[in-house]
Structures are given as C-alpha cells and as structure tokens.
Amino acid sequence: MSKEILDLTKKLLNYNRLFMNYFEEARETGTSHDFHEVIKPFANEVKKVAQEWGILMKSWLVINPHKHLHLKQIDTTLDHIDQLSIQAFFPKTSRSRFLNANRTVEFFLLEIVKELEK
C-alpha cells in the first residue's frame, strides 16, 4: 500500500506543479481555456487520482498513526487540489489565495513522501 500511496502522492505533486504552470500562463496571457474541452476533463482526471489517494491515505494513517500527519490534513489537501485544478485556468483567480493553497498542498505532499521513503 505504501508504494501505491507514494506513486499517487508523486503524481499529485506533479499536478500541483502543473496547476502553477497553468496559473502563470493564464495570468500572463489573460485568457481562460474552454471549460468543457480543457478544464473539466483535466479537473476530473485530477479528482480521480486525488480521491484514490485520499482513500488510501486515510486507511494508511489509521494503521500507521503519525505525530505530524492527521486525517483533517488529508481532507484539506483534497479540497485544495479540487479547487486548484479549476482555478489555475482563470486569470482573475486571487494570486495570494492560489499561492497559499498551492504551497500548502506542496508542503503536505512532500511530508508524506518523506515519511514513506524512510
């Protein structure tokens, strides 16, 4: 289970970096992508991976409790990922809010990678 969680966590880290790229592109060009052709399929793909990760993480955390990792953080991370996967495409998205959520996701996912690679 740990190997699968590690793979999914790394996949989510890549998505998180993609969110940042899409966000910067949207801010620079000032254009947003077509919702049904680009945004929705991408967000659905991310959501599928995130949900699978969330289920595995919760059961792993129940079996292997950690001092610095909590179930609530998993839910928060899933919410942020869900929002970021859509907000990244809109140039009017609040920069500070987007960056804070992006950093929060990055930090938590990197903590999980550290734990799993011990």
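Described below are features of the structure shown in this document. (Residues numbered from 1 in each chain as written. Predicted model: local features only at pLDDT ≥ 70, side-chain atom pairs only at ≥ 80, totals over all residues. Heavy atoms only, no water.)

### Considering helix α2 (residues 35-63)
- Taking 1.5 Å of rise per residue, the 29 residues of α2 would be expected to cover 42 Å, and the 40 Å separating its terminal C-alpha atoms lies within 8% of that figure.
- Restricting attention to buried positions, one finds in α2 the residues I39, F42, A43, V46, V49, A50, W53, G54, L56, M57, W60 and L61.
- On its buried face, α2 is in contact with α1 (2-29), α3 (71-87) and α4 (95-116).
- Taking the backbone nitrogen of H36 as reference, a side-chain oxygen 3.2 Å away marks D34 as the first, capping residue of α2. (Helix = DSSP H or I, 4+ residues; strand = E, 2+ residues; numbered from the N terminus. Expected span 1.5 Å × (residues − 1). Buried < 20%, exposed > 50% of the residue type's maximum accessible area, 1.4 Å probe, protein only. Contact = heavy atoms within 4.5 Å. Polar contact = N/O pair within 3.5 Å; in protein donor to acceptor, adjacent residues only side chain to side chain.)

### Quick notes on the environment of H33
- Its place among the elements puts H33 in the loop between α1 and α2.
- Taking relative accessible area as the criterion, H33 reaches 31% and is therefore assigned partly exposed.
- Leaving out residues up to four positions away in the same chain, H33 has contacts with E25, V38, I39 and F89.
- Within the local environment of H33, its side chain forms a polar contact with the side chain of E25, the two groups lying 3.4 Å apart.

### Details of the side chain of N102
- By the element assignment, N102 lies in helix α4.
- Residue classification places N102 among the buried residues on the basis of a relative accessible area of 7%.
- Once residues lying within four places of it in the same chain are set aside, the contact partners of N102 are N16, F19, M20 and L84.

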